[in-house]
Amino acid sequence: MAQVDKKAGLLRKSSASRKPLKEKVVLMYDEIFGLEDPAKNNPRFWEELFLMKVNLEYLEGKLESLDGDEVMKIKDNINSLFHNCIQALAEEHQIKVVNALQTLCALLRGVHQRNKSTSGFDIINMLMGFDKAELRMKALMESLDAQLCGDRSHSLKSLCFKLLLCLVTVTDNISQNTILEYVMINSIFEAILQILSHTPSRIQHGYDAVVLLVLLVNYRKYESVNPYIVKLSIVDDETTLNGMGLVISQALSEYNRQYKDKEEEAQGGFFSAFTNMVGSMFIADAEEKITVHTNEAILLALYEAVHLNRNFITVLAQSHPEIDIVSTPSVAAPTMPIAPLGTTPPSLDMLASPELPLDPNLQTSNLLITFLKYSSIVMQDTKGKRCCPLLCTVATDQYANSFLHDDNMSFRVNLHRMPMRHRKKLADKSLPSRPLVCAVLDLMVEFIVSHMMKDFPMDLYVRCVQVIHKLICYQKKCRIRLHYTWRELWTALINLLKFLLSHETTLLAKYNIFNLALLVVNLFNMFITYGDTFLPTPSSYDELYYEIVRMHQVFDNLYCMVLRVSTNTGQWKEPASKVTHALGNIRAIINHFNPKIESFAAVNHISQLSEDQVRSISLNVRKNVSLTTLSQDVLLKEFSTIS
């Protein structure tokens, strides 16, 4: 018989000659929502209920239509439904198990949806009875654990994850979900790890497992001892950690692929051709910003794994062939009353990660490269608030720094760059293979250059400069002479100072700009004082001095500004005075070189010196500059104070 109205549970609408015909399962739901025990006149009521296909729309809609008082009137029947669902999970008959899982999802979501303002304890009482809650939840978690660890079908395990995700996400704030206290007591951590360590299970359920794990890790993270945090921090099984890394890498790769597809689609359309025909003068205004929703859950999972587990750092560096796998629709999962979290998980073809023949011309990749590409996308729109803390953690770790700076681990990393009118798009093929630290520095420089805007992201800028500082400290400590275009970094930092000066009044009303200025000036002090230990060649020093002298007006203006603020009483007096002191080395260089350059120009009757001429003067007189040698401890103290 044709379906007429699923939500109302009708198989046939009423007419003049016939009564409306309802599904049998809907009639049974109506008995549950009555005041009498539905099993009173039918001892096989619950057994029959779980043999029939669940009408999720009707059940959830009926629950949402009841307020707290109405639910309490039928509390015993709701408690019985919850209890019998748990009992059905132990059945050998898979149909009963599937229907019980779906019913539990509808029950959880329906009760929570209408009673959002109700306390967690009252919700527990409505669902299972507070006096029996501990026993019921113990039985539920044990059943789910057995289903996930046992030899069950993938579709059934998928439903178990959907129920767990539903249970975790029924409240807007996860820490206000009181039911999760029972999930903390009855841990399913080992079941999650088993899924991640077993390749077929990881392919099918890895994404849900990682999302569930990171949500549980963040339950009352700073309020009490979370057993999932403790257990995640001590995981040392290589297979499990690699499995988690693969899930995260493939999810981020899928995001990067979707963005690349949208980018190519935008560039190849009629609108793009039209703008090219009209002329480049209108392109900057006409370009539409490509938007792809960020996958916050997976990014948070990566942050927690790196932050909590020391062993996960090694997963970041594991190389694998980089290929563009065309996404295909995954096998349809059973319908569930739960909205997807983040973006669409990667397809099963991607998760399978088939072995490929090694090709010397095939570019290799790893999780860190994938993350850097992802960061270059999301940081274009200042959505990279979780990227910078993760990069700070990586830049601080000794092992991570060792492979970041390893010359034997060179990669070609194609970062996405924000379209800007004053620069051309860099061709991917022109990128050389370099140590990964170069890509991290490129990402930081790109952020500095592209986010000097009215809505200034101060926190991200501070984090960005701190990442650069941590990397340079490691290079100084290990005397690593990185062949990098440092000039781009110096130019970006000077332009940042120039931006702060130009918008002093506006920015000071919102932020302490002197902290950021101090970080930037101290970065220059690191180069000036310790550059001989990590700059690649002696000529690099000449380039540094040239940039400082060439842009001396910016530093002069900064000194005048901080001197003015520090000599007046006000809230910025102390931070401004720190910048005044930190500018000592830069001012010494400027005051020493400017007279020499002016004298050379006057003697040789040159109105404007070339870069080579300035650098030759620099080479001759640089040794005579009297500089203040700031210890690394002092510089580290300044950076740690601000962070």
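Predicted model, so just to flag it, every value in this text is computed and none were measured.

**Q** Can you tell me about the overall build of the protein chain, naming the residues and giving the values?
**A** Counting secondary structure elements, the protein chain contains 33 helices and 6 strands. Evaluated residue by residue, the protein chain yields a buried proportion of 52% over its 643 residues. Only carbon and sulfur atoms are counted for the fraction: they give 52% of the accessible area of the protein chain, which is about 30,900 Å².

**Q** I'd like a description of the packing of helix α25 (residues 486–502) against helix α29 (residues 552–566), backed by residues and values.
**A** Contact geometry of α25 with α29 gives a least axis separation of 10 Å together with a crossing angle of 40°. In terms of their interaxial angle, α25 and α29 are classed as oblique. Once α25 is placed against α29, the crossing between them reads as left-handed. Of α29, the residues touching α25 (which contributes Ile494, Leu497, Lys498 and Leu501) are Val554, Phe555, Asn557, Leu558 and Met561. For the contact of α25 with α29, the residue count by class is 7 nonpolar, 1 polar and 1 charged.

**Q** How would you sum up the pattern of salt bridges? Please name residues and give values.
**A** Tallied over the entire structure, the rule returns 16 salt bridges. Taking the shortest distance from any N to any O, the salt bridge between lysine 162 and aspartate 208 comes out at 3.5 Å. Of this pair, lysine 162 sits in helix α9 (residues 154–169) while aspartate 208 sits in helix α12 (residues 199–217), placing them 46 residues apart in sequence. Across the pair glutamate 446 and arginine 417 runs a salt bridge whose closest N-O atoms are separated by 3.7 Å. One end of the pair, glutamate 446, is in helix α23 (residues 436–450); the other, arginine 417, is in the loop between β5 (410–411) and β6 (434–435), with 29 residues separating them in the sequence. On the basis of relative accessibility, which here comes to 11%, the residue glutamate 446 falls in the buried class. With a relative accessible area of 38%, arginine 417 lands in the partly exposed category. Salt bridges here are not isolated pairs; linked through shared partners, they connect Arg44, Glu47 and Lys96.

**Q** Summarise the packing of helix α8 (residues 133–149) against helix α11 (residues 189–197); cite the residues concerned and give the values.
**A** Direction vectors running N to C along α8 and α11 enclose 15°, while the axes themselves pass 9 Å from each other. In terms of orientation, α8 lies roughly parallel with respect to α11. Crossing hand, α8 versus α11: left-handed. The segment α8 lies against α11, with Asp145, Leu148 and Cys149 engaging Ala191, Gln194 and Ile195. Counted by class, the contact of α8 with α11 contains 4 nonpolar, 1 polar and 1 charged residues.

**Q** Summarise the packing of aromatic side chains; cite the residues concerned and give the values.
**A** The full count for this structure, using the stated rule, is 18 aromatic pairs. Relative to tryptophan 572, the ring of phenylalanine 514 has its centre 6.3 Å away and its plane inclined at 50°; by these criteria the two rings are tilted. Placement of the pair is phenylalanine 514 in helix α27 (residues 513–534) and tryptophan 572 in the loop between α29 and α30 (573–582), with a sequence separation of 58 residues. On the basis of relative accessible area, phenylalanine 514 is assigned to the buried category, the value being 1%.

**Q** Describe the environment of phenylalanine 189, with residues and values.
**A** Structurally, phenylalanine 189 can be placed in helix α11. On the accessibility criterion, phenylalanine 189 (3% relative accessible area) is buried. For the pair phenylalanine 189 and leucine 212, spaced 23 residues apart in sequence, the C-alpha separation works out to 9.9 Å. Residue contacts for phenylalanine 189: discarding those within four places in its chain leaves Leu213, Tyr228, Lys231, Leu232 and Val235.

**Q** Can you tell me about helix α24 (residues 458–478), naming the residues and giving the values?
**A** An α-helical turn contains 3.6 residues, so any two residues separated by three or four positions project in the same direction. Here α24 spans 31 Å end to end across 21 residues, near enough to the 30 Å set by a 1.5 Å rise per residue. Across the 21 residues of α24, 16 count as buried, placing the element largely inside the fold. Trailing α24 by a residue or two, arginine 479 shows a phi angle of about 55°, which is positive.

**Q** I'd love a proper account of unusual backbone geometry, names of residues and values included.
**A** For arginine 220, which is not glycine, the phi torsion reads 45° and is therefore positive. Looking at where arginine 220 falls in the secondary structure, it is placed in the loop between α12 and α13 (227–233). Overall, the relative accessible area of 22% leaves arginine 220 in the partly exposed class. In this model, arginine 479 sits at a positive phi of 55°, which is unusual for a non-glycine residue. Among the structural elements, arginine 479 can be located in the loop between α24 and α25.

Each value, and the rule that gives it
- Residue indices follow the written sequence of each chain, beginning from 1 at its first position.
- The predicted nature of this model means local features are confined to residues of pLDDT at least 70 and side-chain atom pairs, given and counted, to a pLDDT of 80 or more, with totals for whole chains, interfaces and linings taken over all residues.
- Calculation of side-chain values draws on the structure's entire complement of heavy atoms; hydrogens and water are dropped beforehand.
- For the purposes of this entry, the term helix denotes a DSSP run of H or I that reaches at least four residues, the term strand denotes a run of E that reaches at least two, and both are numbered from the N terminus.
- A 1.4 Å probe rolled over the protein chains alone gives each residue an accessible area, and that area as a share of the maximum for its type sets the label: buried under 20%, exposed over 50%, partly exposed in between.
- For accessible areas, the Shrake-Rupley method is used with a probe of radius 1.4 Å. Any residue's cover is judged against the shown protein chains and nothing else.
- Every axis corresponds to a line fitted to the C-alpha atoms, with the helix fit spanning only the stretch in contact, and the corresponding angles, defined between N-to-C directions, vary from 0 to 180 degrees.
- For this classification, under 35 degrees means roughly parallel, over 145 means roughly antiparallel, 65 to 115 means roughly perpendicular, and everything else is oblique.
- Put simply, a crossing is left-handed when the front helix is turned counterclockwise from the back one by less than a right angle, and right-handed when it is turned clockwise.
- The contact criterion used throughout is that any non-hydrogen atoms of two residues lie within 4.5 Å.
- Residues are sorted three ways: Asp, Glu, Lys and Arg are charged, Ala, Val, Leu, Ile, Met, Phe, Trp, Tyr, Cys and Pro are nonpolar, and all the rest, Gly among them, are polar.
- Within this document, salt bridges are pairs made up of a side-chain nitrogen of Lys or Arg and a carboxyl oxygen of Asp or Glu, the two lying within 4 Å of each other.
- In summary, the pairing rule links any two rings of Phe, Tyr or Trp, Trp by its six-membered ring, whose centres are within 6.5 Å, and it sorts them by plane angle into stacked for under 30 degrees, edge-to-face for over 60 and tilted for everything else.
- In this scheme, a helix's expected span is set at 1.5 Å multiplied by one less than its residue total.

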